[in-house]
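Next come the chains, spelled out residue by residue.
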Amino acid sequence: MKNQEIQTTHSKGSLAKGLFVLGGTWAAIFLPAIMIIIAFIIPFGNATTRSYILKVVNTETGKLFLFLMISLPIWCALQKIITILHQHNIHPKREKILTVALALAWTMHAAYILFVRN
C-alpha cells in the first residue's frame, strides 16, 4: 500500500461552524441544569440560596460561565433558524453575513454587559 497524503480542506466559515457545534454541545450539557436552577431553586429557595447564587455569579468564573451560557447557544440557534428557513424555501439575502454579524453583535454585547460595564 502506498502512503496517501491527507489533505485538509478549509472552508471560509470554519470558525462559525465550530462555534455552531460548540454552542449546541454547550447548550445540551448545561441548559438542563440552568433550567432547574431558574425554575425550582431560585423561586422556591430561601434568601440564603439566592444570595449564594448571586455571590457565585459575581465572581470572574461565574461571569465567564454566564458569558458562555449566553453567547454559545446563540451561534447554534441562528444556524438552526437559517436551516428551518431553508426547509420552508425561504432564502434570505446575505444569510451568512447576517447570521454571523448578529451572533457576533450579541456576543460582544454580552461581553460588554458582563465584563466591561460595572
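## What about the packing of helix 1 (residues 14-44) against helix 2 (residues 47-57)?
Each pair of packed helices gets described by two things: the angle between the helix axes and the distance between those axes.
In step 1: For the pair helix 1 and helix 2, interaxial distance at closest approach is 7 Å and the crossing angle is 135°. Considering their axes alone, helix 1 and helix 2 lie oblique with respect to each other. From helix 1, Ile37, Ile41, Ile42 and Pro43 reach across to helix 2, where they touch Thr49, Arg50 and Ile53.
In step 2: Residues of the contact of helix 1 with helix 2, tallied by class, amount to five nonpolar, one polar and one charged.

## Some points on helix 1
In step 1: Between the first and last C-alpha of helix 1 there are 43 Å, a value that for 31 residues agrees with the 45 Å anticipated at 1.5 Å per step.
In step 2: Approximately 45° is the largest bend angle found in helix 1, and it occurs at Phe30, with the proline Pro32 only one to four residues beyond.
In step 3: Along its buried surface, helix 1 packs onto helix 3 (60-87) and helix 4 (95-116).

The rules behind these values
- Residues numbered from 1 in each chain as written.
- Predicted model: local features only at pLDDT ≥ 70, side-chain atom pairs only at ≥ 80, totals over all residues.
- Heavy atoms only, no water.
- Axes fitted to C-alpha atoms, helices over the stretch in contact; angles between N-to-C directions.
- Helix = DSSP H or I, 4+ residues; strand = E, 2+ residues; numbered from the N terminus.
- Parallel < 35°, antiparallel > 145°, perpendicular 65-115°, else oblique.
- Contact = heavy atoms within 4.5 Å.
- Nonpolar A, V, L, I, M, F, W, Y, C, P; charged D, E, K, R; others polar.
- Expected span 1.5 Å × (residues − 1).
- Bend = angle between axes of the 7 residues up to and from the residue.

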